[in-house]
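# Geometric and topological summary
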Amino acid sequence: MTNIVILTGAGISAESGISTFRAEDGLWANHRVEDVATPEGFGRDPQLVVNFYNERRAQAADAGPNLAHTALAQLEAAHKGDLLLVTQNVDDLHERGGSSHVLHMHGALNSAMCASCQHRWPAPMKMAVGDPCPSCATPMARPDIVWFGEMPYQMDRIEQALEQADIFVAIGTSGNVYPAAGFVQMAAHYGAHTIELNLEPSAVVSQFAETRFGNATQTVPMWVNEVLED
Ligand code: APR
């Protein structure tokens, strides 16, 4: 049985119409990261941050899963070995494409969190500054997003899976942000075959044993069919 770990990034949702971060017209071309994706930014101007994630939540709700998302869901349903799907994305297109076990290491737009007691609950489409926490009533609701300088979620579980992986596939990620960009090195160290499926070479492309370039809606279904035929 082959154990597979998949890491996805913004590129898998690009063909669904969701902006990536580092393209010319990407999110970081139009917003200052330090203002909208750091705890300090949230402390300085919570309204700017809440608005930014309200916009992204609306964009994600208007988008639909694409053939890459649905191919990964088919793999989850049919694959006999272990499969861990880790996404850096905060949209819910993997779930809407049929995947039922998705590890959102950078959090999720459809989750809200209390900055005081860390309670989490389903986020409304539009969050407001000072929304009260349903658990402790403190008016400290924030988007349940892992900001720069914060610890990504479930790293122990991810590292365990990378140690057991026979195949590690990175899809649609530029390899600029750690710890996710370091997963390929860890997987290769433990003997996994590593594959990059991307539109263009990532910053860590040289660390992959195999690279395939193209749109995710082409490369992912093709790769999934190969795995299921094996
Ligand atoms: N098919 C496949 N890959 C694509 C497509 C496509 N149609 N369109 C773009 N890509 C690729 C780009 O070539 C790029 O390598 O997707 C990648 C997107 O890179 P980024 O915009 O940097 O997104 P990502 O790697 O997910 O960013 C990682 O950075 O800002 C933080 O928390 C944020 O989770 C995000 C993290």
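This structure is a prediction, so every number in the text was calculated from the model and none was measured.

### What about the pairing of strand 2 (residues 83-87)?
Burial of strand 2 is extensive: four of the five residues sit out of reach of the surface. Here five bridges tie strand 1 (residues 4-8) to strand 2, and the two strands are oriented parallel to one another. By the bridge assignment for strand 2, Leu7 is matched with Val86. In the sheet, strand 2 pairs with strand 3 (residues 102-104) via three bridges, with the strands oriented parallel. Opposite Leu85, over in strand 3, you have Val102 as the bridge partner.

### Thoughts on the site of the ligand
Around the ligand sit 22 residues in total, of which Ala10, Phe21, Arg22, Thr173 and Ser174 are the nearest. In this structure, an oxygen atom belonging to the ligand sits 2.6 Å away from a side-chain N or O atom of Arg22. The contact in question runs from an oxygen atom of the ligand to an N or O atom on the backbone of Gly172, over 3.2 Å. Starting from 730 Å² of accessible surface for the ligand in isolation, the protein chains cover 92%. Each residue belonging to the shell around the ligand can be placed in one class, and the counts come to eight nonpolar, 11 polar and three charged. For the shell around the ligand, the domains that each give at least three residues are domain 1 (1-17 + 65-106 + 153-230) and domain 2 (19-62 + 107-145).

### Things to note about the sheet that holds strand 7 (residues 167-171)
Taken together, the six strands give an open sheet; going across it, the order is 3-2-1-7-8-9, and neighbouring strands pair in parallel fashion. With one partner strand each, in any of the chains shown, strand 3 and strand 9 (210-213) form the two edges of the open sheet. Geometrically, the sheet is characterised by an average inter-axis angle of 20 degrees between neighbouring strands, direction not taken into account. As paired strands, strand 8 (residues 193-198) and strand 9 are joined by four bridges and run parallel to one another. Within strand 9, the residue paired with Ile195 across the bridge is Glu210. Helix-sheet contacts for helix 8 (residues 155-164) involve strand 1, strand 2, strand 3 and strand 7, and the interaxial angle to strand 2 is about 135 degrees.

### Considerations on the side chain of Asn89
Relative to the helices and strands, Asn89 is located in the loop between strand 2 and helix 7 (93-96). Accessibility expressed as a relative area gives 5% for Asn89, which makes it buried. Here Asn89 is in contact with Thr8, Gly9, Ala10, Ile12, Ser13, His104 and Gly107, once residues within four sequence places are set aside.

### Focus: the domain arrangement of the protein chain
Domain annotation of the protein chain identifies domain 1 (1-17 + 65-106 + 153-230) and domain 2 (19-62 + 107-145). Domain 1 and domain 2 are separated by 25 Å when their C-alpha centres are compared. Counting residues at the interface gives 17 residues for domain 1, matched by 16 residues for domain 2. The contact between domain 1 and domain 2 buries some 1100 Å² in all, and 52% of this surface belongs to carbon and sulfur atoms. When the area that domain 1 buries against domain 2 is broken down by residue, the three leading residues are Ala10, Val90 and Tyr153, summing to 44%. On the surface where domain 1 and domain 2 come into contact, there are zero salt bridges.

### Here we look at the pattern of salt bridges
Under the counting rule described, the total for this entry stands at eight salt bridges. Salt-bridge contacts for Arg32 lead to Glu34; the nearest nitrogen and oxygen are separated by 3.2 Å. Residue Arg142 pairs with Glu150 through a salt bridge whose shortest N-O separation is 2.9 Å. What makes Arg142 buried here is its relative accessible area of 8%. When salt bridges that share partners are traced, they join Arg32, Glu34, Asp35 and Arg44 into one network.

About the thresholds
The residue count restarts for each chain, going from 1 along the sequence in the order it is written. With the structure being a predicted model, the display of local features is reserved for residues of pLDDT at least 70 and the display and counting of side-chain atom pairs for 80 or more, all residues being used for whole-chain, interface and lining totals. Where side-chain values are given, they derive from all heavy atoms of the structure, hydrogens and water being excluded. Only protein chains enter the accessibility calculation, which uses a 1.4 Å probe. A residue is then buried if its area is under 20% of the maximum for its type, exposed if over 50%, and partly exposed in between. Put simply, DSSP H or I for four residues or longer makes a helix, DSSP E for two residues or longer makes a strand, and each gets a number counted from the N terminus. One requirement defines pairing of two strands: DSSP has to find at least two bridges between them. One heavy atom within 4 Å of a molecule or strand makes the whole residue count as near it. Definition of a polar contact: a pair of N or O atoms within 3.5 Å, with one able to donate and the other able to accept a hydrogen when the atoms are protein atoms, and with sequence-neighbouring residues admitted only if both atoms are side-chain atoms. Computed by Shrake-Rupley with a 1.4 Å probe, the accessible areas treat only the displayed protein chains as cover when residues are assessed. Think of it as three bins: nonpolar holds Ala, Val, Leu, Ile, Met, Phe, Trp, Tyr, Cys and Pro, charged holds Asp, Glu, Lys and Arg, and polar takes everything else, Gly as well. All the domain ranges listed were derived from an automatic or database domain assignment. Lines are fitted to the C-alpha atoms to define the axes, a helix being fitted only along its stretch in contact, and any angle between axes, read from their N-to-C directions, falls within 0 to 180 degrees. Contacts are assigned to residue pairs that have any heavy atoms within 4.5 Å of one another. Throughout, the accessible surface (probe 1.4 Å) given up by two parts as they are put together, summed over both, is called the buried area. Basic side-chain nitrogens of Lys or Arg form a salt bridge, by our definition, when they fall within 4 Å of a carboxyl oxygen of Asp or Glu.

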